[in-house]
Amino acid sequence: MRLSQYFLPTLRDDPKEAEIVSHRFMLRAGMIRQESAGIYSWLPLGLRVLKKIEQIVREEQNRTGAIEVLMPTIQSADLWRKSGRYDDYGKEMLRITDRHDREMLYGPTNEEMITDILRAGTQSYKDLPVNLYHIQWKFRDEVRPRFGIMRGREFLMKDAYSFDLNAEDAVHSYNKMFVAYLRTYARMGLKAIPMRADTGPIGGDNSHEFLILADTGESEVFFDKDLHDMDWSAFEVDYDDRDVVSGVVRDFTSKYAATDEMYVESEFHDKVEEKKRLSGRGIEVGHIFLFGTKYSEPLGAVVQDPDGKPVPVHSGSYGVGVSRLVGAIIESSHDENGIIWPASVAPFDVGLINLRAGDEATDNACQVLYDQMGDAGLDVLYDDKDDRAGGKFSRMDLIGLPWQVIIGPRGVKDGKAEVKNRATGERHDVEMSKVAAFLRDNSPESSA
């Protein structure tokens, strides 16, 4: 993509309304634009990142055997009354009335709707287990939206819902999602620490939040250093092997980790030796729940068991904050100059910088490199604008692409390009004919 043909409305100065790093850099990098309090348009650069994150989430859900669906944003109030949550949910739910005076709502979550879909589509234990998920926009009317997309009112979420015949099978479904979340975040270059969590308005008996450590996190967290030091690579696992899956979950839950809501000081001190006690702040990027028959019983989601008796299904729900992850990644990966994207979610792989746009030799060299990198499967943003070099460098650092390839008249004369690694700042002089191979050989491979 040529920058001269792209829409990238970057800002030189920090917006006054931006209180945290991610909000500041997303506005400055032209990723989002605020339309009203807590509601944003996603501009081309931001949308590319959002789609990369969404695809990683989708791939890891599919890997577990979960099946994608798409449910509407607007729901009937009747289902929520059956579950008992319509009046209990609070003012965060946006309640609306259509032209026929039917009470509707903009869905903050989908437990009721998906349970009703399951109820209508299954009759026998032979139809289970099943896990259905979708990636859909939600709305929660935050009393004080702030921090940009980190605490907005409209947000993109992956929510999955498992249905099983009994509690034992439901635990396995829960464990599969637990492991899938570890893999998902690891592929994004993140350590999202699982912590025992309050179930809140979703309900249930078992729940974990996944939090990324960041100074701007909303929650105070307390955890064992051993947990932070564990292997967070996107390990392979056979999801059909219950012992293996439960073993991974046990490894990650055997260490103490709690948010301020669940923290008990005496328990922390009893379970963790002093030199390993860590605390900080965390950003929630995922939350999973196991709630048994909480929704299936009032909504009539029953199947016949092997003995022919009708029994309510056991279910759980599993959320990933897809749009929130964009901000969370920035909070955990940036410097004073801008964003530093992990390769797996970067909007482009490479930024090609033409230091002398309009110079025939430099233009020709850039075009050859642009074509070669494209042929090598690299996604390139080519800065072909007639701007000052300092502005080009600042813009490229701000938007945080993993690699920068810098071409000027001197390099053209020597037949070399300067290649900069955004994360480390390391620079390499590389023969122009070998730039594409250098980037391919030095870029981390996806674990997908």
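Worth saying up front: this structure is predicted, and the values here are computed from it rather than measured.

Q: With reference to specific residues and values, describe the overall build of the chain.
A: A count of helical and extended segments in the chain gives 14 helices and 23 strands. Its C-alpha atoms give the chain a radius of gyration of 24 Å, near enough to 22 Å, the size a compact globule of 448 residues would have. Along the longest, intermediate and shortest principal axes, the C-alpha atoms of the chain span 80 × 60 × 45 Å. When burial is assessed residue by residue, the chain has 53% of its 448 residues classed as buried.

Q: I'd like to hear about the pairing of strand 7 (residues 130-139), residue by residue, with values.
A: For strand 7, the tally of buried residues reaches nine of ten residues, placing the bulk of the element in the interior. One ladder, built from two bridges, connects strand 3 (residues 67-68) with strand 7; its direction is parallel. Each bridged residue has a counterpart across the sheet, and for E68 the counterpart in strand 7 is Y133. Sheet topology note: the strand 7/strand 8 (residues 154-164) ladder contains ten bridges and is antiparallel. In the sheet register, I135 faces strand 8, and the bridge partner there is K158.

Q: I'd like to hear about the packing of aromatic side chains, residue by residue, with values.
A: Scanning the entire structure with this criterion turns up 16 aromatic pairs. On the basis of an interplanar angle of 50° and a centroid distance of 5.2 Å, the ring pair of Y181 and F210 is categorised as tilted. In this pair, Y181 is assigned in helix 5 (residues 167-187) and F210 in strand 10 (residues 206-213), connecting sequence segments 29 residues apart. Overall, the relative accessible area of 0% leaves F210 in the buried class. With centroids separated by 5.9 Å and ring planes inclined at 40°, the aromatic side chains of Y185 and F210 adopt a geometry described as tilted. On the criterion of sequence distance, the pair formed by Y185 in helix 5 and F210 in strand 10 is long-range, its members being 25 residues apart. Overall, Y185 belongs to the buried group, its relative accessible area being 1%. By the ring-pair criterion, three or more aromatic residues cluster together here, those being F178, Y181, Y185 and F210. The residue whose ring lies beneath R24 is F25, and the NZ or CZ to ring-centre distance is 5.3 Å.

Q: Pulling in residues and values, what's your account of the nonpolar core?
A: Note that soluble globular proteins tend to have their nonpolar side chains buried in a common cluster. M31, I53, Y185, M188, L325, V326 and W341 are the most contacted members of the largest nonpolar core, which totals 82 residues. A total of nine residues in this core trace back to one element, the largest contributor, which is helix 5. Setting aside anything within four residues of it in sequence, one finds W341 in contact with M31, V49, V326, I329, I330, A346, P347, I399, G400, L401 and P402. The next biggest cluster of nonpolar side chains, apart from the first, holds 21 residues, and it includes C366, V419, V430 and A436.

Q: Just give me the short version of a negative patch on the surface, but keep the residues and values in it.
A: A surface patch of like charges, here negative, comprises D198, E220, D260 and E261. Take E261: it is sitting in the loop between strand 12 (257-259) and helix 8 (265-271). E261 gets classed as exposed once you look at its relative accessible area, which sits at 55%.

Q: Explain unusual backbone geometry residue by residue, including any values.
A: Note the cis peptide between L128 and P129, where omega equals 5°. With respect to the secondary-structure elements, P129 resides in the loop between helix 4 (111-121) and strand 7.

Q: I'd like to hear about the pairing of strand 21 (residues 403-407), residue by residue, with values.
A: Of all five residues making up strand 21, five are buried, and the element is well covered by its neighbours. Where strand 19 (residues 350-354) and strand 21 come together, five bridges link them in parallel fashion. Within strand 21, the position partnered with V350 by the bridge is W403. As judged from the four bridges shared by strand 21 and strand 22 (residues 416-421), these two strands associate in the antiparallel manner. In the sheet register, W403 faces strand 22, and the bridge partner there is N421.

Reading the values: rules and limits
- Residues numbered from 1 in each chain as written.
- Predicted model: local features only at pLDDT ≥ 70, side-chain atom pairs only at ≥ 80, totals over all residues.
- Heavy atoms only, no water.
- Helix = DSSP H or I, 4+ residues; strand = E, 2+ residues; numbered from the N terminus.
- Rg over C-alpha atoms; globule rule 2.2 N^0.38 Å.
- Buried < 20%, exposed > 50% of the residue type's maximum accessible area, 1.4 Å probe, protein only.
- Pairing = 2+ DSSP bridges.
- Phe/Tyr/Trp six-rings, centres within 6.5 Å; stacked < 30°, edge-to-face > 60°.
- Lys NZ or Arg CZ within 6 Å of the ring centre and 35° of its normal.
- Core = buried A, V, L, I, M, F, W, Y, C linked by side-chain atoms within 4.5 Å.
- Contact = heavy atoms within 4.5 Å.
- Patch = residues over 30% accessible without salt bridge, like charges linked within 9 Å, V, L, I, M, F, W, Y side chains within 5 Å.
- Areas by Shrake-Rupley, 256 points an atom, 1.4 Å probe, with all protein chains shown as cover.
- Salt bridge = Lys/Arg side-chain N within 4 Å of Asp/Glu carboxyl O.
- Lys, Arg positive; Asp, Glu negative; His and termini not counted.
- Charge placed at Lys NZ, Arg CZ, Asp CG, Glu CD.

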